[in-house]
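Coordinates in review
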Amino acid sequence: MIKVSAPGKLVIFGEHAVVYNRPCIVTAVNHRMSVSLDKRKDDKIVINAPEVDVKNYTFTINELKKDHPRQVAFVTSAIRNFFEKYKVKSGLDVSTKSEFSSKFGFGSSSAVTVCTLKALSEVFKIKMSNKELFDISYKAVLDVQKVGSGFDIASSIYGGTIYFVTGGKAIKPLSKNIPLVIGYTGIKADTVTLINMVKGKMNENKEEIEEIFDKMKEISDKAVEFVEKEDLIALGKLMNENQKLLSKLGVSTKELDNLISASLKAGVYGAKLSGAGGGDCMIALTNQKEKAEKAIQKAGGIIIPVETGVEGVRIE
Ligand code: PMV
């Protein structure tokens with residue numbers, strides 16, 4: 001039996017732009033997903049995923065190509081891609097465990113995909129570099145989700161804080177310390193719906209949206225230097241600029257705006273939504289965590305304590 005864990009993530013700069021060939025900056029957080037996996041003697045694949053109410057979901061290897069329920073789709077896609085690429089097969093017992101709720105938008109689907117593929121490479125003794133693990137994980141996720149930049153997969157694999165360009169064209173580790181407070185709006189957002197909404201806007205008004213994304217690219221590029229220098233004042237300013245652009249894009253919400261302005265009034269360096277928008281979480285950059293947390297809570301947010309820049313995928 002092999003057990004693998006991988007971290008969830010938070011985007012600090014460049015969400016949405018990163019779907020359109022621009023960079024983003026993403027940090028891995030200390031809420032981990034884990035997958036335990038072992039071969040079986042028969043041809044059955046049995047999946048347990050208690051956090052999404054899946055108990056002994058069973059099918060045979062030949063049924064891997066079938067459509068499977070959403071709750072197990074990332075695991076089945078990972079297994080199918082692995083068997084096809086490496087020309088192996090076996091019955092399997094797979095069970096997943098999450099330290100975080102999928103509703104926070106921390107990237108449970110990508111983390112579970114990465115864990116499953118890493119565990120398979122261990123069980124079948126197939127050596128995979130991080131980039132090979134990224135490529136096969138990205139394909140497995142795209143098979144299910146159709147859209148996405150892959151930034152969350154890279155974060156799960158490499159950990160730390162990374163500068164990432166669409167599809168893994170660039171994956172560059174940065175320094176680690178970014179003191180963030182996370183406020184959850186209590187509203188679950190659907191990333192794919194938001195990506196498609198932005199796509200609609202891109203089709204209607206390409207020039208304006210491309211311009212927004214160019215500005216976001218500039219922000220992510222500038223932020224690299226300030227992350228390295230741990231210049232929180234400069235980073236905070238860039239976060240505020242990035243938030244203005246996300247509002248212009250139409251992905252912020254009243255609830256996110258409230259939490260963001262409450263934290264700014266409490267004196268944080270900068271604040272913005274993190275991820276696709278439409279709900280989920282906001283992040284605030286501050287060394288005075290308690291003060292910011294109180295202000296966010298008072299404005300109706302739920303604080304999720306996180307450590308950033310944690311270790312990527314690992315065998316437990
Ligand atoms: O909602 P999240 O945290 O999964 O972030 C989505 C970020 C996007 O840029 C909108 C999508 C992507 O795949 O890069």
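Please refer to the structure higher up on the page.
Residues numbered from 1 in each chain as written. Predicted model: local features only at pLDDT ≥ 70, side-chain atom pairs only at ≥ 80, totals over all residues. Heavy atoms only, no water.

**Here we look at the overall build of the protein**
Check the secondary structure of the protein and you find nine helices and twelve strands. Taken over the C-alpha trace, the protein has a radius of gyration of 19 Å; the compact-globule value for 316 residues is 20 Å, and the two agree within 12%. On the principal axes, the C-alpha backbone points of the protein span a range of 60 × 40 × 35 Å. Each of the 316 residues in the protein was classed as buried or not, and the buried ones make up 58%. Per element, the accessible surface of the protein, about 13,800 Å² overall, is 50% carbon and sulfur. Put simply, the protein has 46 plus and 38 minus side-chain charges, and the middle of one group is 2 Å from the middle of the other. (Helix = DSSP H or I, 4+ residues; strand = E, 2+ residues; numbered from the N terminus. Rg over C-alpha atoms; globule rule 2.2 N^0.38 Å. Buried < 20%, exposed > 50% of the residue type's maximum accessible area, 1.4 Å probe, protein only. Areas by Shrake-Rupley, 256 points an atom, 1.4 Å probe, with all protein chains shown as cover. Lys, Arg positive; Asp, Glu negative; His and termini not counted. Charge placed at Lys NZ, Arg CZ, Asp CG, Glu CD.)

**A closer look at the packing of aromatic side chains**
One pass over the full model with this rule turns up seven aromatic pairs. Ring plane angle 25 degrees and centroid distance 5.1 Å describe the contact between Tyr-20 and Phe-213, whose orientation is recorded as stacked. With Tyr-20 in the loop between β1 (2-13) and β2 (23-40) and Phe-213 in helix α6 (residues 206-229), this residue pair connects regions lying 193 residues apart in the sequence. Seen in terms of ring centroids, Phe-83 and Phe-124 are 5.9 Å apart; in terms of plane orientation they differ by 75 degrees. Their pairing is edge-to-face. (Phe/Tyr/Trp six-rings, centres within 6.5 Å; stacked < 30°, edge-to-face > 60°.)

**Side note on helix α1 (residues 70-86)**
In a regular helix each residue adds 1.5 Å, so 17 residues correspond to 24 Å; α1 covers 25 Å between its end C-alpha atoms and thus fits that length. Burial analysis of α1 places twelve of its 17 residues in the buried class, which makes it a mostly covered element. The set of residues buried in α1 consists of Val-72, Ala-73, Phe-74, Val-75, Thr-76, Ser-77, Ala-78, Ile-79, Arg-80, Asn-81, Phe-82 and Phe-83. Considering only its buried residues, α1 is in contact with β3 (44-49), β4 (54-60), β5 (91-98), α2 (108-123) and α3 (130-145). A positive phi of about 50 degrees marks Lys-87, the residue just after α1. (Expected span 1.5 Å × (residues − 1). Contact = heavy atoms within 4.5 Å.)

**Concerning the packing of α1 against α3**
Viewed as axis vectors pointing N to C, α1 and α3 meet at an angle of 130 degrees, and their least axial separation amounts to 9 Å. The angle between α1 and α3 falls in the class oblique. Considering only the axes of α1 and α3, their crossing is right-handed. Residues Arg-70, Ala-73, Phe-74, Ser-77, Ala-78, Arg-80, Asn-81, Phe-82, Lys-85 and Tyr-86 of α1 pack against Ile-136, Lys-139, Ala-140, Val-141, Asp-143, Val-144 and Gln-145 of α3. (Axes fitted to C-alpha atoms, helices over the stretch in contact; angles between N-to-C directions. Parallel < 35°, antiparallel > 145°, perpendicular 65-115°, else oblique. Left-handed = near helix turned anticlockwise from the far one by under 90°.)

**A look at helix α4 (residues 151-158)**
For α4, the buried fraction is high: seven of the eight residues fall into the buried class. Along α4, the residues that are buried comprise Phe-151, Asp-152, Ile-153, Ala-154, Ser-155, Ser-156 and Ile-157. Looking at the buried residues of α4, the elements they touch are β1, β2, α2, α3, β6 (161-165) and β7 (170-174).

So far we have only geometry, and geometry alone does not tell us how the molecule works.
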